[in-house]
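# Observations on chain architecture
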Amino acid sequence: MAESAEIILDGKSYPYPVIEGTEHEKAIDIAKLRDQTGYITIDSGYKNTGATKSAITFLDGEEGILRYRGYPIEQLAENSSFMEVAYLLIYGKLPTQAELDDFSHQITKHTLVHEDVRKIFDGFPSAAHPMAILSSLICSLTAFYPESVSPDLSKEEIDLNVIRLMAKMPTIAAWTYKNNMGHPLNYPRNDLDYCSNFLYMMFSFPTEKYEINPKVVSALNKLLILHADHEQNCSTSTVRLVGSANASLYGSVSAGINALWGPLHGGANQEVLEMLQAIQADGGDTAKWVEKAKDKASGFRLMGFGHRVYKNFDPRAKIIKKAADEVLTALGIEDPLLKIAQELEQAALTDPYFVERKLYPNVDFYSGIIYRAIGIPTEMFTVMFALGRLPGWIAQWKEMRENKEPIGRPRQIYTGELERDYVSIEKR
Ligand code: MLT
């Protein structure tokens, strides 16, 4: 007999079906609950709420497992390229060489942005945070491609929007940095691969030759792969929710970028590095800061530790930690911040306070160290996260659209005033 759950309300029993995913995760399907009983469920922060069924990413927080379309993150980080992983996430299968060449070629063809996008940069204050500019300009693509708002796009039209977004995001992302620095904006170079082209646009000057370091390209490739998707996290859920109203891909991803910017989400990588710098400026006594983190009254929180869904090690953190060591050695960089990070990590792995609370270092803890080693400024860290997360957002938006999911419309439990009469202003 199929498994079901029973809810008893006012002495009456209501059965609800249990559904099971391919990895045997189970959910009680309460779609009919309100219609049948008048009750809703409440789950602040959605810790127990499955918002969708998805075939893109599998995550087991208890076991520390992360797989894209069934492939373990460890294997993808070791063997794959970001372009290949993007294709995998968006189209559901590893591409053949011909498919990968065509995908990369299509993206390369669309790297230029409309010249008027350059003009928009002039309107931003020079100190604007790159994430503010990124989200605005990604949303502005809807203005440049107004047909993208149609709810009835064909498969080919959706693919074109996907390619455009993948292609233009690195150009806009690199320009946010160049604009902040007051440097000339570099046009993309279509003879370069995705990561090399991004590094070229970030770091080259018209006045001198820029040498692309293959070790830096390889590190960036790995970082982008590790960030490419993470099932229904805050920004991805935002993309799906906004997209469920039939909003355009650009508008939905722009909303996701804003969610990612939050310091409790993607903005954490910037906060980790700022924390390490503050500890360094204070003399580098990590033991003192570890004690501070344990003292609730201090108000200090160790950034980059613990995760909402990983109750074991974040599998991405393991790979990034190794990559950080390799990159620093390969580039011959001795970073005192890495030493501070290593001491904090040691403390967290051995101190009962952190162990009992399962506060392991997460992906944000090490990514900043690598970004710093390859010359990415701190304010750009969250932009780098967005660049990596883009194929995941696209895949999730596309899946939501293909599955014809209904508009997202949560309910609430009202806790405000009961009905009362309007009081004119002179009588208040
Ligand atoms: C992510 O990669 O999106 C973050 O780890 C946050 C999350 O999954 O909740």
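Residue indices follow the written sequence of each chain, beginning from 1 at its first position. Local features in this predicted model are restricted to residues of pLDDT 70 or higher, and side-chain atom pairs are both shown and tallied only at a pLDDT of 80 or more, whereas totals for entire chains, interfaces and linings draw on every residue. For side-chain calculations, the full set of non-hydrogen atoms in the structure is used, while hydrogens and water are omitted.

### Concerning the site of the ligand
In the region of the ligand, the neighbouring residues are H230, N233, H265, H307, R316, F385 and R389. Residues adjacent in sequence count toward polar contacts only when both atoms are side-chain atoms; beyond that, a polar contact is any pair of N or O atoms within 3.5 Å, and within protein one must be able to donate a hydrogen and the other to accept it. A distance of 2.6 Å separates an oxygen atom of the ligand from a polar atom in the side chain of H230. In the model, an oxygen atom of the ligand is placed 2.7 Å from a nitrogen or oxygen of the R316 side chain. Look at the ligand: alone it shows 260 Å² of surface, and the protein chains cover 85% of it. Near, as used in this document, describes a residue that has one of its heavy atoms within 4 Å of the molecule or strand being considered. Residue burial considers only the protein chains on display, and all accessible areas are found by Shrake-Rupley using a 1.4 Å probe.

### Examining unusual backbone geometry
Even without being a glycine, Y46 presents a positive backbone phi close to 55°. Secondary structure elements follow DSSP: runs of H or I no shorter than four residues count as helices, runs of E no shorter than two count as strands, and numbering proceeds from the N terminus. Turning to its location among the elements, Y46 is positioned in the loop between α1 (33-37) and β4 (57-60). Buried residues are those whose accessible area, probed at 1.4 Å on protein chains only, stays under 20% of the maximum for their type, while exposed residues exceed 50% and partly exposed ones sit between those limits. Since its relative accessible area comes to 56%, Y46 is described here as exposed. A positive phi is found at E231, a non-glycine position, where the angle reads about 35°. For E231, the location among the structural elements is in the loop between α9 (214-227) and α10 (234-243). On the basis of relative accessibility, which here comes to 25%, the residue E231 falls in the partly exposed class.

### Quick notes on the domain arrangement of the chain
Note that the domain bounds were set by an automatic or database domain assignment. We note that the domain assignment places domain 1 (4-50) and domain 2 (56-403) within the chain. Put simply, the middle of domain 1 and the middle of domain 2, counted by C-alpha atoms, are 35 Å apart. The partner domain 2 presents four residues to the four residues of domain 1 that form the contact. A quick way to say it: buried area is the sum, across both parts, of accessible area lost when two parts are put together, with a 1.4 Å probe. Each partner contributes to the roughly 310 Å² buried at the junction of domain 1 and domain 2, and carbon and sulfur atoms together form 46% of this total. If you sort the residues of domain 1 by the area they bury against domain 2, E23, E25 and K47 come out on top, with a joint share of 88%. A pairing counts as a salt bridge when a side-chain nitrogen of Lys or Arg comes within 4 Å of a carboxyl oxygen of Asp or Glu. Counting every contact that joins domain 1 to domain 2 gives one salt bridge. In this structure, the salt-bridge partner of R67 is E23, at a minimum N-O distance of 2.7 Å. Any residue outside Ala, Val, Leu, Ile, Met, Phe, Trp, Tyr, Cys, Pro, Asp, Glu, Lys and Arg is labelled polar, Gly included; the first ten of those are nonpolar and the last four are charged. Looking at the side of domain 1 that touches domain 2 residue by residue, the class counts come to no nonpolar, one polar and three charged. We call two residues contacting when some pair of their heavy atoms lies within 4.5 Å.

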